[in-house]
Amino acid sequence: MPAALHVLDAAPKKSTRRARSASSKDLSLTTAQKRLILNSFVRLEPALDLVAQLFFLKLFRLDPGLRKKFDGPVEMQARKFSAGAKLAMISLGHEDGLAPTLKLLGTRHRQMGIRARHYRTMSRALIWTLERSLDKSFDRDARDAWNTMLVHFTKVMTG
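A quick note: this is a predicted structure, and the numbers were derived from the prediction, not measured.

**Here we look at the confidence of the model for the protein**
Averaged over all residues, the pLDDT of the protein is 84; the fraction at 70 or higher stands at 82%. Within the model, pLDDT remains below 50 along residues 1–25, and this stretch shows 28 contacts once partners closer than five positions in the same chain are excluded.

Next up, the structure:
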């Protein structure tokens, strides 16, 4: 079983109403949505650097002004993106999630001049990339799950 899926299966099951509400406050994804996201990621993982490059190329086409906010070649940005994506997938199986890391990344992005509207553009670019990379396996349910996660990430990163 791929590591990303194993992490979700190993996640502790919450049995109390209080625990469920705390979890939904952090990230309102169902177990089924998490599984859809992880399944998508597992399909992408062998070509993740190429997928990340495609994401950045689309992002810079949607908003050419973003290019100057990211230092270095697209390949370097793609490696950073790939590492962050792997961390995000691992975090889906943990109660504390990715919020502390996202807050730090949001602070860094604000220093770079990234604003809420840029995150919406990034989300559009990522969904487009997933559609092209996953083809028919990226169905409506998978798209909804990714969008839910991206909305949460945007809220945390923009403070």
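**Quick look at the pattern of salt bridges**
Once their charged atoms are close, side chains differing in charge can pair, the charge on each being opposite to the other. Using the criterion set out here, one finds two salt bridges in the structure. Here Glu131 ties to Arg132 by a salt bridge, and the two come within 3.2 Å at their closest N and O atoms. Looking at Glu131, the relative accessible area reads 26%, which means it is partly exposed. Three or more residues joined by partner-sharing salt bridges are found here, namely Glu131, Arg132 and Arg143.

**Describing the side chain of Ser82**
Among the structural elements, Ser82 can be located in helix 5 (residues 74–91). Residue Ser82 is classed as buried on the basis of its relative accessible area of 5%. If we skip the residues at most four places from it in the chain, Ser82 touches Leu48, Asp49 and Ala52.

**Side note on a positive patch on the surface**
A cluster of basic side chains, namely Arg110, Arg115, Arg117 and Arg120, defines a positive patch on the protein surface. Along the chain, Arg110 turns up in helix 6 (residues 99–112). The exposure class of Arg110 is partly exposed, given its relative accessible area of 36%.

**Quick word on the packing of helix 7 (residues 116–134) against helix 8 (residues 140–157)**
The geometry of helix 7 relative to helix 8 is characterised by a closest axis approach of 10 Å and an angle of 155° between their N-to-C directions. Put simply, helix 7 runs roughly antiparallel to helix 8. Regarding helix 7 and helix 8, the two cross each other, and that crossing is right-handed. Residues Tyr119, Ser123, Leu126, Ile127, Leu130 and Glu131 of helix 7 pack against Arg143, Trp146, Asn147, Leu150, Thr154 and Met157 of helix 8. When the residues that make up the contact of helix 7 with helix 8 are grouped by side-chain class, the tally is seven nonpolar, three polar and two charged.

**Notes on helix 7**
Spanning 19 residues, helix 7 covers 27 Å between terminal C-alpha atoms, matching the ideal 27 Å at 1.5 Å per step. Among all positions of helix 7, only His118, Tyr119, Thr121, Met122, Ser123, Ala125, Leu126, Ile127, Thr129, Leu130 and Leu134 are buried. Contacts from the buried residues of helix 7 go to helix 3 (31–44), helix 4 (48–62), helix 5, helix 6 and helix 8.

**A look at the packing of aromatic side chains**
This model, assessed by the stated rule, comprises six aromatic pairs. Aromatic pair Phe56 and Phe60: ring centres 5.7 Å apart, planes at 40°, arrangement tilted. Residue Phe56 and its partner Phe60 are located together in helix 4, separated by four residues, close to a single helical turn. Summarising the burial analysis for this pair, Phe56 and Phe60 share the class buried. A ring pair is formed by Phe56 and Phe81, whose centres lie 6.0 Å apart and whose planes are at 80°; its orientation type is edge-to-face. Of this pair, Phe56 sits in helix 4 while Phe81 sits in helix 5, placing them 25 residues apart in sequence. The class for Phe81 is partly exposed, based on a relative accessible area of 22%. The side chain of Lys58 reaches across the aromatic face of Trp128, ending 4.7 Å from its centre.

Conventions used here
Residues numbered from 1 in each chain as written. Predicted model: local features only at pLDDT ≥ 70, side-chain atom pairs only at ≥ 80, totals over all residues. Heavy atoms only, no water. pLDDT = per-residue confidence, 0-100. Contact = heavy atoms within 4.5 Å. Salt bridge = Lys/Arg side-chain N within 4 Å of Asp/Glu carboxyl O. Buried < 20%, exposed > 50% of the residue type's maximum accessible area, 1.4 Å probe, protein only. Helix = DSSP H or I, 4+ residues; strand = E, 2+ residues; numbered from the N terminus. Patch = residues over 30% accessible without salt bridge, like charges linked within 9 Å, V, L, I, M, F, W, Y side chains within 5 Å. Areas by Shrake-Rupley, 256 points an atom, 1.4 Å probe, with all protein chains shown as cover. Lys, Arg positive; Asp, Glu negative; His and termini not counted. Charge placed at Lys NZ, Arg CZ, Asp CG, Glu CD. Axes fitted to C-alpha atoms, helices over the stretch in contact; angles between N-to-C directions. Parallel < 35°, antiparallel > 145°, perpendicular 65-115°, else oblique. Left-handed = near helix turned anticlockwise from the far one by under 90°. Nonpolar A, V, L, I, M, F, W, Y, C, P; charged D, E, K, R; others polar. Expected span 1.5 Å × (residues − 1). Phe/Tyr/Trp six-rings, centres within 6.5 Å; stacked < 30°, edge-to-face > 60°. Lys NZ or Arg CZ within 6 Å of the ring centre and 35° of its normal.

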